[in-house]
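Structure at a glance
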Amino acid sequence: MLDMKFLRENPDQVKENIKKKFQDEKLPLVDEVIELDAKNRAAITEASELRASRNALSKQIGMLMGQAKKDPSKLEEAEKIKATVKANADRLAELEKLEEEYEQKIHKIMLLIPNIIDPSVPIGPDDSCNVEVQRFGDPVVPDYPIPYHVDIMESFDGIDLDAAGRVSGNGFYYLLGDIARLHEAVLAYARDFMIDKGFTYVIPPFMMHGDVVKGVMSFPEMDAMMYKIEGEDLYLIGTSEHTMIGRFIDQTLDGAKLPLTLTSYSPCFRKEKGAHGIEERGIYRIHQFEKQEMIVVCRPEESADWYEKLWKNSVELFRSMEIPVRQLNCCSGDLADLKVKSCDIEAWSPRQQKYFEVCSCSNLGDAQARRLHIRVKGKDGKTYLAHTLNNTCVAPPRMLIAFLENHLQADGSVTIPKVLQPYMGGLEVMKQRNEEKAKLLYDFLDQSKLFKGTVVPEDRSLMNVPFITGNADLDAKFVKESKEAGLENLKGHRTVGGMRASIYNAMPKKGVETLVAFMKKFEEENL
């Protein structure tokens, strides 16, 4: 949100900024708000003059009423002035109403006009124009296949999406065993990493009032993200940044105590409405996740330096977990309206052989502070608006995708880097569960005609065996009959590892014996 005085004095710069963000539909708003501002200031001036006149006339009436005791003609003169005061009072009431209407309209428009972006921001309409700045760590593509992240998790009996779907719908998950422990280990390590950097650890409220929502984000963000509590002025947070910055609403901070460097933990809830949507099967984009965040509230002259420090913290954290990353500067069209500058830290995906976002670092200048009335009192006693910044520390389970892919070994195990081992009870390697049942399955696969052409790897890793018969009609029949047999969890899996783990999650008592018995019967009847 811009300062009205700045917009009034720099309309061309504001319009050029709107063009750089490819929001030409907002250009008329600049002239519209300037016209409303002129009318509002004229109304304020006239109202001030009427108040001054009212005060002078009131004194004159008092004087005339005193004189009327000796000169009755003064009474008539006083009555005429009273009529003028009444007329002025009626006009003043009209002007005050106009002022309120103008101010509401001005505020509504000002919320829609984007913040002035930093000169260093690359210009482009969308995220396809984001610019890679630098890479940290060598991206590696192993000489063995990397399965889909859900299949990796399922090989450890570590995720149950089917049960989550029955309980909560798509976009939710159950994490189990070592995967759940890894999830918490990453959060705990990130927390301690930030504390060691001098940040104060905070657990904030997970709900907030509507005025805070409007103060920390733009309308498009709010519509796409926020869940509202029915019948109450409360919203679930989409990130702890919301309530962390909201903590200072309507406050004047002591400049001597800045900067405030904070790291917060919270669950996060998002509708994910829009182009990206929710994954059908996966944990990359979901309705619920957890996050460790970095927040800084500082003086305006410090925000550029803190921006650099924040994104570098992310790089250092991910590299300490032996995950290759890169920094990507967000272009003008990819910036939310409140942001001055933003960059993403992306992690390397060996499976996809490309990078994907795991952290987002933003400098919002004084935009949030202006909306929330967060001011700073300097040594000279004068007040000014604070600057606010935020950055993702870690946000599992998404970041677990990068972790698992980069630490997966050929035998299906996952190595734990040294920095995380203390948080995993000293565990150095995560190994797949139920090895005896896995052997039973492989003994069947070794002689099965059902998986014609399938080569069972020497390491006998379940993760690398494709679940496919090579015949579309037969595949369809297999899915239909497996569902009828109570093995509906087989549908959608593309590897035996994922299929096997899903059966364990759904039917622990039957286990893989049920799977083998069904496949043997199917093979006898169809091949």
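Here is a short report on the structure shown in this document. What you see as residue numbers is a count from 1 along each chain, following the sequence as written. For this predicted model, a pLDDT threshold of at least 70 governs which residues receive local features, and a threshold of 80 or more governs which side-chain atom pairs are given and counted, while totals over whole chains, interfaces and linings are taken from all residues. Note: side-chain values were computed over all heavy atoms of the structure, leaving out hydrogens and water.

Further remarks concern the environment of phenylalanine 172. Here a strand is any run of E in DSSP of at least two residues, a helix any run of H or I of at least four, and the numbering for each starts at the N terminus. Its location among the elements puts phenylalanine 172 in the loop between helix H6 (161–167) and strand E3 (174–175). Residues phenylalanine 172 and isoleucine 286, spaced 114 residues apart in sequence, show a C-alpha to C-alpha distance of 6.3 Å. Note on contacts: a residue pair qualifies if any of its non-hydrogen atoms lie within 4.5 Å across the two residues. Those residues in contact with phenylalanine 172 that lie beyond four places of it in its chain are Leu161, Ala164, His287 and Gln288.

Only strands joined by at least two bridges in the DSSP assignment are considered to pair. Taken together, eight strands build an open sheet; the order of strands is E1-E11-E12-E13-E16-E10-E9-E4 and the sheet is mixed. Of all the strands in the sheet, just strand E1 (131–136) and strand E4 (200–202) have a single pairing partner and so form its edges. In this sheet, adjacent strand axes meet at a mean angle of 25° when their direction is disregarded. Inspection of the sheet shows E4 paired to strand E9 (residues 260–269) by three bridges, in the parallel sense. Paired with valine 202 across the strands is serine 264, a residue of E9. To get an axis, a line is fitted to the C-alpha atoms, and for a helix only the part in contact is used. The angle between two axes follows their N-to-C directions and goes from 0 to 180 degrees. Contacts from helix H7 (residues 177–196) reach E4, E9, strand E10 (288–298) and strand E16 (387–394) within the one sheet, and its direction differs from that of E10 by about 10°. Sitting on the sheet, helix H11 (residues 303–320) is in contact with E1, E9, E10, strand E11 (325–329), strand E12 (341–349), strand E13 (354–363) and E16, with an inclination near 5° to E16.

On to the nonpolar core, then. Leu182, Ile323, Val394 and Met399 are the most contacted members of the largest nonpolar core, which has 60 residues in total. Every element with two or more residues in this core is listed here: helix H5 (149–155), H7, E10, H11, E12, E13, E16 and helix H13 (398–407). Looking at which element gives the most residues to this core, the answer is H7, with nine residues. Here leucine 182 is in contact with Leu400, Phe403, Leu404, Ile416, Leu420, Met424 and Met430, once residues within four sequence places are set aside. Remark: nonpolar core denotes a set of buried residues (Ala, Val, Leu, Ile, Met, Phe, Trp, Tyr, Cys) joined through side-chain atoms within 4.5 Å. Note on classification: 1.4 Å probe, protein chains only; a residue is buried when its accessible area is under 20% of the maximum for its type, exposed when over 50%, partly exposed between these limits.

In this section: the packing of aromatic side chains. Where two aromatic rings form a pair, the distance of their centres and the angle of their planes describe that pair. Whether two aromatic rings pair depends on their centres lying within 6.5 Å, for rings of Phe, Tyr and Trp, where Trp uses its six-membered ring; planes under 30 degrees apart make the pair stacked, over 60 edge-to-face, and the rest tilted. Within this structure, the stated rule accounts for six aromatic pairs. For the pair phenylalanine 136 and tryptophan 311, a centre-to-centre distance of 6.2 Å together with 50° between the ring planes defines the contact as tilted. You can see phenylalanine 136 sitting in strand E1 and its partner tryptophan 311 sitting in helix H11, a full 175 residues away along the chain. No difference in accessibility class separates phenylalanine 136 from tryptophan 311, as the two residues are buried. When the ring of phenylalanine 199 is compared with that of tryptophan 306, the centres are 6.2 Å apart and the planes differ by 85°; the resulting orientation is edge-to-face. With phenylalanine 199 in the loop between H7 and E4 and tryptophan 306 in helix H11, this residue pair connects regions lying 107 residues apart in the sequence. Given a relative accessible area of 14%, tryptophan 306 falls into the buried group. Joined through ring pairs, the aromatic side chains of Tyr189, Phe193 and Tyr423 make up one cluster. The ring of tyrosine 235 carries lysine 228 above its face, with NZ or CZ at 5.6 Å from the centroid. Throughout this description, the term charge over a ring refers to an Arg CZ or Lys NZ atom that lies within 6 Å of the ring centre and within 35 degrees of the ring normal.

Read these as spatial facts, not as claims about activity.
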